[in-house]
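Structural characterization, general
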Amino acid sequence: MKISPLAGQPAERAPLVDVAKLIAAYFADKPDPSVPAQRVSFGTSGHRGSSFQRSFNEDHILAITQAICLYRRQQGTDGPLFIGIDTHALSRPAFQTALEVLAANGVETRIAPGDEFTPTPVISHAILTYNRDRKKGQADGIVVTPSHNPPADGGFKYNPANGGPADTTVTGWIEKTANALLEAKLAEVRRLPFERALAAPTTVRHDYLTPYVADLANVVDLEAIRSSQLRVGVDPLGGAGVHYWGRIAEQHRLNLTVVSEVVDPTFRFMTLDWDGQIRMDPSSPYAMARLIGMKDRFDLSFACDTDHDRHGIVTRSAGLLPPNHYLSVAISYLYPNRPNWPKGAAVGKTVVSSQMIDRVAAKIGRGLSEVPVGFKWFVSGLLDSSICFGGEESAGASFSRLDGRVWTTDKDGFIPCLLAAEITAKLGRDPGDAYRALTRELGEPVYDRVEAPANRAEKAVLERLSPDQVKETELAGEKITARLTRAPGNGAPIGGLKVTTENGWFAARPSGTEEIYKIYAESFRGADHLQRIVAEAQQLVSAAIAGPSRPAGGAPPAAAGPAPDVARAVERMENEGDPN
């Protein structure tokens, strides 16, 4: 990736989003459902877009919310719907639109008092708490957030009664129904004016903050943190957890300082990410420059993204930990130190997470459940405690309560942060030091992610490769041990290709929004070996995409058009919207 010269600089050095124009476009501009980019499209975590691109407008939210109401009716889900919003500028208008539809459909909707923001994990926690031991009248939820995306973006996702992100069967049904409603010019959408919806008997104020904060003592050893008197700094990055951290510190008597409680939809207080964009990514050293600069003020510091489902851990010993490093430390600590977790509970990881996790799982004698990208793949395992930890290389994770029962089935940024303090208190060393100890025992990997160009047809082929299309037997001088297009943990398609050797691997996945594919790669033999893996991965993927009829990287004949399977894939994406 080409790093912008503005990376890590104050956000005010770049143009800030015009919030008034953004919100005006949300209400005024109408999407054209014949244009694929303007249709409803659920990716790995809901529908996302911007009103400036007509990909996130009032019409989208009207259609999606009505589709959710129809889905609830079909499934017999007749309990309350918990809804939360983050601090992006488009989140509150989208919440208002959604409430208008929910009230008109008679759905009991629980909203935070005082227009408070509500983090993603708190919605999952509320759903699971309500549904515990309840067979009928179960609850579900909506979270209005584009996660860590730039300020001009909006996002909207549905969590069914299992508390986690809806799976592809559910989102596919909602997406198809919502697009049909758009095509019918929203004729079947029920709606009330916002003032009436807010005053409707089905709209109920719900205290999300108090029960979540109180329950944290049942998932993290807060007594150990309190007794240690560790000095902890927290930056909520202007996100939905901004008022949660102070309550956590007060209620559990932690020596925790919130370094900023500023909320501003332009996010002008951020530092710019690697590409010069504003992005509230707690795993990025550029976006986290402010907190990294404070690391010596505290024994440990951390931050979360805008909806608080991702974590960033800053240690005195190592600065900002890459997500794969911290996931490895968390897993190596948790399983031996949670005696009430089921003995057979496995470790959950995505196919693009570090192989260090595999080695840690083997070291602690636990099975490994490797699933496709997307936290939805961890939901069933967390729910029945067949896995007690699920983590993604993008800094998303959740894990079980102290007693082994489910905590949340969506990513939770709070608990990995608090766990870092527990680890430091209990081990007498921070997670940076703990990771170095792991590398001395298990090897030290290097990891990278790069991008390569691919048009729509080529991305469709990559998404549907079969292992036998990869003819190579070696990768970067090592024998290939596996060629995967389905995840070993559950057999689900990974939407791309993963190739492994004894000391390295790569995975290639098409982007859902750009004319590129992404290569994730790792080596336990150093940076030079990693670069060989990346270079050969691009050649291997190009050859697999090209097929036997033309050389790798070669273009098809101008008049030929895409192969039939590619044409069908492109037609499907144009008709249904790219699922990624």
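Throughout what follows, the structure given in this document is the object of discussion.

**A look at the pattern of salt bridges**
- Taken as a whole and assessed by the stated rule, the structure comprises 31 salt bridges.
- The residue glutamate 100 makes a salt bridge to arginine 191 at a minimum N-O spacing of 2.7 Å. Placement of glutamate 100 in helix 3 (residues 91-104) and of arginine 191 in the loop between helix 5 (168-183) and helix 6 (194-199) is noted, with a sequence separation of 91 residues between them.
- Residue arginine 191 is classed as partly exposed on the basis of its relative accessible area, which comes to 40%.
- A salt bridge links lysine 157 to aspartate 410, with the shortest nitrogen-to-oxygen separation between them at 2.9 Å. Note that lysine 157 is positioned in strand 6 (residues 153-159) and aspartate 410 in the loop between strand 16 (396-399) and helix 14 (414-427), a separation of 253 residues in sequence. As far as burial versus exposure is concerned, lysine 157 and aspartate 410 are alike and both buried.
- Ionic contacts of the salt-bridge type, sharing partners, join the residues Lys30, Glu58, Asp59, Glu100 and Arg191 into one network.

**Considering the packing of helix 11 (residues 323-334) against helix 15 (residues 431-442)**
- It is at 9 Å that the axes of helix 11 and helix 15 come closest, and there the two elements cross at 85 degrees. Overall, the two elements helix 11 and helix 15 adopt an arrangement that is roughly perpendicular. Seen from helix 11, the contacting residues are His325, Tyr326, Ser328, Val329 and Ser332; seen from helix 15, they are Pro431, Ala434, Tyr435 and Leu438.
- Split into classes, the residues belonging to the contact of helix 11 with helix 15 amount to six nonpolar, three polar and no charged.

**Some words on the nonpolar core**
- Counting residues in each nonpolar core, the largest one holds 64 residues, and the members touching the most others are Tyr212, Leu216, Trp245, Phe389 and Phe399.
- When residues of this core are assigned to their parent elements, the largest contribution, eight residues, is made by helix 14.
- Ignoring any residue separated from it by four or fewer positions in sequence, one finds tryptophan 245 in contact with Val234, Pro236, Leu256, Val258, Phe302, Cys304, His308, Phe414, Cys417 and Leu418.

**Looking at the pairing of strand 20 (residues 482-486)**
- In terms of strand pairing, strand 20 meets strand 21 (residues 493-500) through four bridges, oriented antiparallel. From the neighbouring strand, arginine 486 faces strand 21, where its bridge partner is proline 493.

**Here's the deal with the packing of helix 11 against helix 14**
- Relative to each other, helix 11 and helix 14 sit at 60 degrees, their axes nearing to 11 Å. One finds that helix 11 runs oblique with respect to helix 14. Crossing hand, helix 11 versus helix 14: left-handed. Seen from helix 11, the contacting residues are Tyr326, Val329, Ala330, Tyr333 and Leu334; seen from helix 14, they are Pro416, Leu419, Ala420, Glu422, Ile423, Lys426 and Leu427.

Rules used throughout
Residues numbered from 1 in each chain as written. Predicted model: local features only at pLDDT ≥ 70, side-chain atom pairs only at ≥ 80, totals over all residues. Heavy atoms only, no water. Salt bridge = Lys/Arg side-chain N within 4 Å of Asp/Glu carboxyl O. Helix = DSSP H or I, 4+ residues; strand = E, 2+ residues; numbered from the N terminus. Buried < 20%, exposed > 50% of the residue type's maximum accessible area, 1.4 Å probe, protein only. Axes fitted to C-alpha atoms, helices over the stretch in contact; angles between N-to-C directions. Parallel < 35°, antiparallel > 145°, perpendicular 65-115°, else oblique. Contact = heavy atoms within 4.5 Å. Nonpolar A, V, L, I, M, F, W, Y, C, P; charged D, E, K, R; others polar. Core = buried A, V, L, I, M, F, W, Y, C linked by side-chain atoms within 4.5 Å. Pairing = 2+ DSSP bridges. Left-handed = near helix turned anticlockwise from the far one by under 90°.

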